[in-house]
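If you want the building blocks of each chain, they are given just below.
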Amino acid sequence: MRTFFILLLTGSLLTAVSPASAQEKTAVRVRPIGAVDYGTGAQFLFRNGEVVLHQDNNYQPLTKNIRLASGTKINYKSGIVELPSGKLTTLHEGDYVNSAGSIVFATPSSAAAARHDTIGANAARFEQYVERGKVVPLSDLQAQLNRQSQQLKLMEQKVRLLNQKIDLLSRQSTPPDTRQLDQQLRELDQQLQQLTK
């Protein structure tokens, strides 16, 4: 009888635990009412004072506020973003919200401003690697390519001369006269310096 009671108690506990774990496994995430799925490549970019949809290299002006499937809300006029946690932040020029609802900041100062870090916002420097919207003339690109090609040729000559000097120094027991090679190396170094100015 005692064994039966223990088995009955153990079975009751297992039954009580398993529905709870089954509910956790089958929990379905509910999409917020009015949420729209724009696909994985969509970006809601703050550009020229308002939010635009950037997708497939196209920019489309928005006419209404956005609510993403993640619960993130975007005000298309002001750039105010409300995250599912309730936190509010404001987008700055170049910042965007991706289709998953995450904010990507264009500069360290806009990220600092979103954290309400006024010291970091003022102190942050941003070096742009690409100038957006600026067309570089083909002649400038060609001149830069020619300069780099010249540098490469001079570096190859320098390597050859250094190999010759190493070969001379390693063959003879008495130090050879390398003044001519040293002079050629100095001239190559001067030419390289002029190209990098």
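Residues numbered from 1 in each chain as written. Predicted model: local features only at pLDDT ≥ 70, side-chain atom pairs only at ≥ 80, totals over all residues. Heavy atoms only, no water.

What about the overall build of the chain?
Stated precisely, the cut-off is as follows: Going along the chain from the N terminus, every DSSP run of H or I of four or more residues is numbered as a helix, and every run of E of two or more is numbered as a strand. Exposure is judged per residue with a 1.4 Å probe applied to protein chains only, and the accessible area is read against the type maximum: over 50% gives exposed, under 20% gives buried, and values in between give partly exposed. Contacts are residue-level and defined by heavy atoms, with any inter-residue pair within 4.5 Å sufficient. Here the accessible surface of atoms and residues is derived via Shrake-Rupley with a 1.4 Å probe, and residues count as covered only by protein chains that are part of the display.
Assigned secondary structure in the chain consists of five helices and nine strands. Secondary structure elements of the chain occur, N-terminal to C-terminal, as α-β-β-β-β-β-β-β-β-β-α-α-α-α. Put simply, the chain has 197 residues, and 21% of those count as buried. The contacts in the chain between residues at least 6 apart in sequence include a share of 41% that link residues at least 24 apart. On the chain, roughly 15,000 Å² of surface is accessible, and the fraction owed to carbon and sulfur atoms is 55%.

Quick look at the side chain of Thr 72
As a reminder of what qualifies: N or O atoms closer than or at 3.5 Å make up a polar contact, with two conditions inside protein: a donor-capable atom paired with an acceptor-capable one, and, for residues adjacent in sequence, both atoms drawn from side chains.
Relative to the assigned elements, Thr 72 resides in the loop between strand S4 (66-67) and strand S5 (73-74). On the accessibility criterion, Thr 72 (1% relative accessible area) is buried. Polar contacts involving the side chain of Thr 72 include one to the side chain of Ser 70, which spans 3.1 Å. Within the structure, the side chain of Thr 72 is placed 3.3 Å from the backbone oxygen of Gly 101, a separation counted as a polar contact. Dropping the residues within four chain positions of it, Thr 72 is found in contact with Ile 66, Arg 67, Val 81, Glu 82, Leu 83, Pro 84, Val 97 and Gly 101.

Some words on the UniProt feature "coiled-coil region" (unreviewed entry) in the chain
Applied cut-off: UniProt positions are given in the numbering used here, feature names are shortened, and annotations may be inferred rather than shown by experiment.
What UniProt calls "coiled-coil region" (unreviewed entry) maps, in this numbering, to residues 138-172. Along residues 138-172, the helical share is 97% and the strand share 0%, with 52 Å between the first and last C-alpha atoms.

Quick look at unusual backbone geometry
Phi at Asp 56 is positive, roughly 55 degrees, even though this residue is not glycine. Structurally, Asp 56 is set in the loop between strand S2 (50-55) and strand S3 (58-61).

Some words on the sheet that holds strand S9 (residues 103-104)
Under the convention used in this document: Strands qualify as paired when DSSP identifies two bridges or more between them.
On the basis of which strands lie adjacent, the open sheet formed by five strands has the order S3-S2-S1-S8-S9 and antiparallel pairing. Both edges of this open sheet fall to S3 and S9, since each of them pairs with a single strand only. As defined by bridge partners, strand S1 (residues 43-47) adjoins S2 across five bridges and the pair is classed as antiparallel. Residue pairing across strands places Leu 45 opposite Val 52, the latter belonging to S2.

Regarding the sheet that holds strand S7 (residues 88-90)
Read across the open sheet, the four strands follow the order S4-S5-S6-S7; overall the sheet is antiparallel. The open sheet terminates on both sides in strands that have one partner only, identified here as S4 and S7. Across three bridges, the pairing between strand S6 (residues 80-82) and S7 is antiparallel. Across the sheet, Val 81 pairs through a bridge with Thr 89, a residue of S7.

Concerning the packing of aromatic side chains
In this description, an aromatic ring pair is defined by two values, namely the gap between the centres and the angle between the planes. Put simply, the test is: Each Phe, Tyr or Trp ring (for Trp, its six-membered ring) is paired with any other whose centre lies within 6.5 Å, and the angle between the two planes then decides the class: stacked below 30 degrees, edge-to-face above 60, tilted in between. Our definition puts a charge over a ring when NZ of Lys or CZ of Arg is within 6 Å of the ring centre and also within 35 degrees of the ring normal.
For the structure shown, the criterion picks out zero aromatic pairs. Over the face of the ring belonging to Tyr 59 we find Arg 47, whose NZ or CZ atom lies 3.9 Å from the ring centre.

Section: helix H5 (residues 179-196)
Because each turn of an α-helix spans 3.6 residues, side chains separated by three or four positions in sequence point in the same direction. Convention followed: In this scheme, a helix's expected span is set at 1.5 Å multiplied by one less than its residue total. Think of it as the arc spanned by the lines of direction from the helix axis to the C-beta atoms.
Across its 18 residues, H5 extends 26 Å between first and last C-alpha, which sits within 8% of the 26 Å expected from 1.5 Å per residue. Within the sequence span of H5, burial applies to Leu 181, Asp 182, Leu 185, Leu 188, Leu 192 and Leu 195. Each buried residue of H5 lies within a common arc of 140 degrees when the element is viewed along its axis, so the set occupies one face. Turned more than 90 degrees away from the buried face of H5, the exposed residues are Arg 179, Gln 180, Gln 190, Gln 193 and Gln 194. Here the buried face of H5 lies against helix H4 (138-171).

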